[in-house]
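Structural overview for review
Spelled out from the first residue to the last, the chains are:
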Amino acid sequence: MKTTLWVAIVMAFAAVAPAAAKEFVLIDSEASTREGDWSVTSKQVGVTAGPAFSISKRALHGGKQEGTDLIEVNNGKMTFWVIPTRGMNVLRVKTGDITLGWTSPIKEVVNPAFMTLDARGGLGWLDGFNEWLVRCGFEWSGHPGMDDGKLMTLHGRVGNTPASKVVVSIDDKAPHRIHIRGRVDEKVFKFADYEAWTEISTEPGSLSLRVSDTLTNRSDYEREFQVIYHGNFGPPLLEEGSEFVGAVKQVTPFNAKAARDIATWTTYLAPTKDFGEQVFNVIPLADATGMTTVMLRNKAANLGVRITYPVDELPYFTLWKNTDTLKEGYVTGLEPGTGFAYTRRIERRSGRVPKLAAGASRSFTLDYTILPDAPSVAGTGKDIAAIQGDQKTTVVNDPEVDPTEE
Amino acid sequence: MKTTLWVAIVMAFAAVAPAAAKEFVLIDSEASTREGDWSVTSKQVGVTAGPAFSISKRALHGGKQEGTDLIEVNNGKMTFWVIPTRGMNVLRVKTGDITLGWTSPIKEVVNPAFMTLDARGGLGWLDGFNEWLVRCGFEWSGHPGMDDGKLMTLHGRVGNTPASKVVVSIDDKAPHRIHIRGRVDEKVFKFADYEAWTEISTEPGSLSLRVSDTLTNRSDYEREFQVIYHGNFGPPLLEEGSEFVGAVKQVTPFNAKAARDIATWTTYLAPTKDFGEQVFNVIPLADATGMTTVMLRNKAANLGVRITYPVDELPYFTLWKNTDTLKEGYVTGLEPGTGFAYTRRIERRSGRVPKLAAGASRSFTLDYTILPDAPSVAGTGKDIAAIQGDQKTTVVNDPEVDPTEE
Amino acid sequence: MKTTLWVAIVMAFAAVAPAAAKEFVLIDSEASTREGDWSVTSKQVGVTAGPAFSISKRALHGGKQEGTDLIEVNNGKMTFWVIPTRGMNVLRVKTGDITLGWTSPIKEVVNPAFMTLDARGGLGWLDGFNEWLVRCGFEWSGHPGMDDGKLMTLHGRVGNTPASKVVVSIDDKAPHRIHIRGRVDEKVFKFADYEAWTEISTEPGSLSLRVSDTLTNRSDYEREFQVIYHGNFGPPLLEEGSEFVGAVKQVTPFNAKAARDIATWTTYLAPTKDFGEQVFNVIPLADATGMTTVMLRNKAANLGVRITYPVDELPYFTLWKNTDTLKEGYVTGLEPGTGFAYTRRIERRSGRVPKLAAGASRSFTLDYTILPDAPSVAGTGKDIAAIQGDQKTTVVNDPEVDPTEE
């Protein structure tokens, strides 16, 4: 359908005066359109200077991924994949032999049509979990639990909600930033009217990727919300001796199991049978401009990833250490959020469930950068040390609650 | 697929002696067919006298409406949209600046593939609720509740069941009535074998639309059933000072909240923040032929809608007043049914869950007519007054049950 | 998509030296491919001797079967239909006027996208149950029940899981056996990493069909599993006076209702209103090579079906007698399994929930043969008698547990 749309748009742009950006609408429920196989290259949009880039979209087939859409962005230096059908989650990022992402037992990019989030006591979300970056939210997030007689399923619904509008745009002016924008709605009569404009953007040739989302409460009522940016990293960044580095005000174990290893909470084991998982609740520090940076780096400190973001947007941070075997999913989650991963009831009681007034918006901006060498890792280490300064990290030895009591 | 089917059929009709109707099969699970984009006009079927009409079908795209089918019927005077994928619900009716329907926070026509009716304690139905007319049923209807250890989800399943067969037909003889028929099955091994032939029909040029459904119990066992015709009206019919007019034997508040405003149960407030909803249980009166008529009219009494139907088919009537804000859904439901909207357990206890013998059928016929001016509103008012005659309306001040006790 | 794939493959085979088999990949989630309408004939693969055969695949349309794939195999003597979208279940087998299968109230081949297994207290599986052969498993099987706080839904998930890879192959050498292989994955982060390679195969011109599956635990952890081969037979094999014949060590009624008729457990009633169902738990005997055979035959003993399989693969056998009315589903299930049909908790307590070590596989091989005449029925009777020899069948009169206590 509309396979010639981009051509028409490009020609329209060619005919007019300099525009802000070349724009391609790939999906739009209001206009009832959805592109089939689609692609565009830097050359086709008239960008000849700088690294050649390309963007394409296709529908996946087979098994539970039947009908899932996938967008591939190659910025000339790195490639990443965005999944409109799964709430604009990012499947993976690759540059050379470096991958952001992990190996889940689940290989397919599961179409939510084949999922039941309420299954298995609210753990249905685990049937599709294999992405590098999954948003959790928006009505609720965190562990499943009953709230007001209703089952709040694991990590909410946004990560399994098909995007209602998807727009690809390329800035006309250098550096010709590439934007993949998707609107993901969470609308339920009587309960929710959230509109989330998500954006993943990158500059051609760069090793950085920016997530900049805006969540708006379109309801006439003030409503609670929760967001966690569940970013997941396996090898090669994660290995025995890898380290999490952050400017940290306070760290607390999530539960008794994490408490046992609070002393080594920043370092990682090799793939470890029967490890399961440990979760640490972190309160980050910010610099004078309100920004914080966290880093995951390998043992040799010559490979890593940094995330830089404003702490007031996402004041809490969950470190999920799932250093189980490779096959089971050897992975760590670096998860800035509006709260921790307890059930919504616990989070509310602890004052970590924010509200959005009627018509109000909250923005979330996170810069993810691959650190491909020792100097970039060292540089990020210095940045983080500067934020920490001479402030002490409070290490709390016991969990604030027993999450199993719910 | 089969894009030339209608041409073949039209030509077949052209070649034979006068037939009863021109018929187009758009969906048929038995023949495993489903039309793609399809349309027919009055001219194409050889109707040249009277208002020109057209009927078309397309598949919707984007977000949670991916793959939903939508049929548009323009009878030359008004246009309405039928949703095969959602149990032949009617999305909206439009004529000039008059709309039957309402503005729900949910804008997409949600494909049931993306829904879980069991979610949120059985309120999953609310994820897709935005139509003018939704059938509730057939195994159960009403509020969610446990019955025999199983969760009966809000308003049953029929409104989220894809139609198995869809037939469009146009009478050969004037007035060339247009029929959109759809078979919606509710078949569950050991539990249900319902076959519902739904029909929406209209005459070219008219402001009326007839719903005429037949529900058949194909099982060898007598089975309970429930049906509610959940018709929903927002502006311009609904406004401050709008009035519900009916020939009423008795009215009872659904619950304590409705009881507070029993005195003003027939009139409507402006969009009102924090109003939520109030529900009134109505027992209508019938005229000598067994028919009743209800009307919703605007404040100036120059715009309205009437519903006329046999009371023995649908002996109970729910008036749902949801005069909350415009964005939340400022809407009132006029809902003839085989019972009220309590859980099936309450309804059964109160003797309002009818049964269908093995092989037996029940028909439901409702005529919806737009009243575009003061005379038609006044005329309907007189019709209703004539049914009421000098019979008194019993106003019960207290709910028959406390629905929260379940 | 890829409609010319088989041509390319056939030509490739034609160009090279004798290969083991001609192979056609119809679905492959890894390669993200799914054939549309597809077919191949014996002639097209160069087989000219023996019965002409054909294999084809198409997508179904209408109602809840929208998007379901169906493969038809005509081996020149009998035809059967495999459903990739429903875990490679077999819908029906036909030869002349003999059918393996039954008439369920459900006529459509339901796409799992429209199902919720958790519905109705975990009986959602009944919304799609109409096949001749359904696999039950793999994480769990049997009646729904809570286990470790989670609802184990009726008969597990595999029968409603779309196949991830489907390969049709035809042996190059006579007798040119036809293989329909499908990989069905049951993968859930933290819970399961099962890979099942299912295979249905047949020789051209034969009345036999072989199911040969291999279930592999790809997890690094030992995991429980359950499998039941739920084969279902209605008329003409099932009629008043039909008999189940098996070499049986022990039979026990499933519950109190079955206990009432333990004396007549091997014979069948005519379609009987209000019969509902009776279930008998059977422990089969094996011959010296470990094989057992069971048979269902009609009253005249001139029509039947036999199943021959290794008892150590599937040591338990459930006989499900559902001789209710024809419309409700007059059907009997012959169900070899790793256990009986109780909830997983009961099965575990009774020692019938096997485990698979990390990386380990279990194979299941069942030969189903239609017995079209008196001699073949008599021959199978002799085979079974030979297995039984002079061993007695222990008939236990009381159920081992009360399944309703859970």
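Residues numbered from 1 in each chain as written. Chains lettered and ligands numbered in written order. Predicted model: local features only at pLDDT ≥ 70, side-chain atom pairs only at ≥ 80, totals over all residues.

1. Quick look at the overall build of chain A
Counting its secondary structure elements, chain A contains six helices and 27 strands. On C-alpha atoms alone, chain A measures out to a radius of gyration of 21 Å, which is about the 22 Å that the 2.2 N^0.38 rule sets for 406 residues. Dimensions along the principal axes, computed over C-alpha positions, put chain A at roughly 65 × 55 × 45 Å. A burial count over chain A gives 52% of its 406 residues as buried. Long-range contacts, defined as pairs at least 24 residues apart, comprise 66% of the intrachain contacts of chain A with a sequence gap of at least 6. (Helix = DSSP H or I, 4+ residues; strand = E, 2+ residues; numbered from the N terminus. Rg over C-alpha atoms; globule rule 2.2 N^0.38 Å. Buried ≥ 20, exposed ≤ 12 C-beta atoms within 10 Å, placed from the backbone. Contact = placed C-beta atoms within 7 Å.)

2. As for the domain arrangement of chain A
Residue and element names in this part refer to chain A. Taken domain by domain, chain A holds domain 1 (1–227) and domain 2 (239–337 + 373–406). Once you take the C-alpha centre of each, domain 1 and domain 2 turn out to be 26 Å apart. Between domain 1 and domain 2, the contact holds nine residues from the first and 10 residues from the second. Taken together, the residues of the side of domain 1 that touches domain 2 sort by class into five nonpolar, four polar and no charged. (Domains from an automatic or database assignment. Nonpolar A, V, L, I, M, F, W, Y, C, P; charged D, E, K, R; others polar.)

3. Remarks on the relation of the copies chain C and chain A
You can overlay chain C on chain A at an RMSD of 0.0 Å; the transform is a turn of 120 degrees with a shift of 0.0 Å along its axis. The transformation relating the two chain copies, once decomposed into turn and shift, fits a three-fold axis. In terms of proximity to the rotation axis, the leading residue of chain C is Ala113 of chain C, whose C-alpha is 2.9 Å off the axis. (Least-squares fit on C-alpha atoms with pLDDT ≥ 70 in both.)

4. Let's talk about the relation of the copies chain A and chain B
Overlaying chain A on chain B yields an RMSD of 0.0 Å, the required transformation being a rotation through 120 degrees with an accompanying axial translation of 0.0 Å. Counting the interface residues of chain A, we find that no more than 11% of their copies in chain B are interface residues as well, pointing to two distinct contact surfaces.

5. Examining the sheet that holds strand E13 (residues 178–188) of chain B
All names here are of chain B. Strand order in this open sheet of 10 strands is E2-E1-E12-E13-E14-E15-E26-E22-E21-E18, and the pairing throughout is antiparallel. In the strand order of this sheet, the two ends are held by strand E2 (33–34) and strand E18 (243–246), each with one partner. Of the strands in this sheet, E18, strand E21 (291–297), strand E22 (304–310) and strand E26 (361–371) touch helix H6 (residues 374–388), which is tilted by about 140 degrees from E21. (Pairing = 2+ DSSP bridges. Axes fitted to C-alpha atoms, helices over the stretch in contact; angles between N-to-C directions.)

6. What to know about the interface of chain C and chain A
With 27 residues of chain C in contact, the opposing surface of chain A contributes 26 residues. Elements that contribute at least two residues to the side of chain C that touches chain A include exactly strand E1 (21–28), strand E2 (33–34) and strand E13 (178–188) of chain C. In terms of residues, the side of chain C that touches chain A owes the most to one element, E13 of chain C, which gives three residues. Residues belonging to the side of chain C that touches chain A are distributed by class as follows: nine nonpolar, seven polar and 11 charged.

7. Brief notes about the pairing of strand E23 (residues 316–323) of chain C
All names here are of chain C. The buried count for E23 comes to seven of eight residues, which makes it a mostly enclosed element. In the sheet, strand E20 (residues 278–284) pairs with E23 via five bridges, with the strands oriented antiparallel. Counterpart to Gln278 in the pairing with E23 is Lys321. Bridge count between E23 and strand E24 (residues 330–337): eight bridges; the pairing is antiparallel. Bridge assignment links Lys321 to a residue of E24, and that residue is Thr332.

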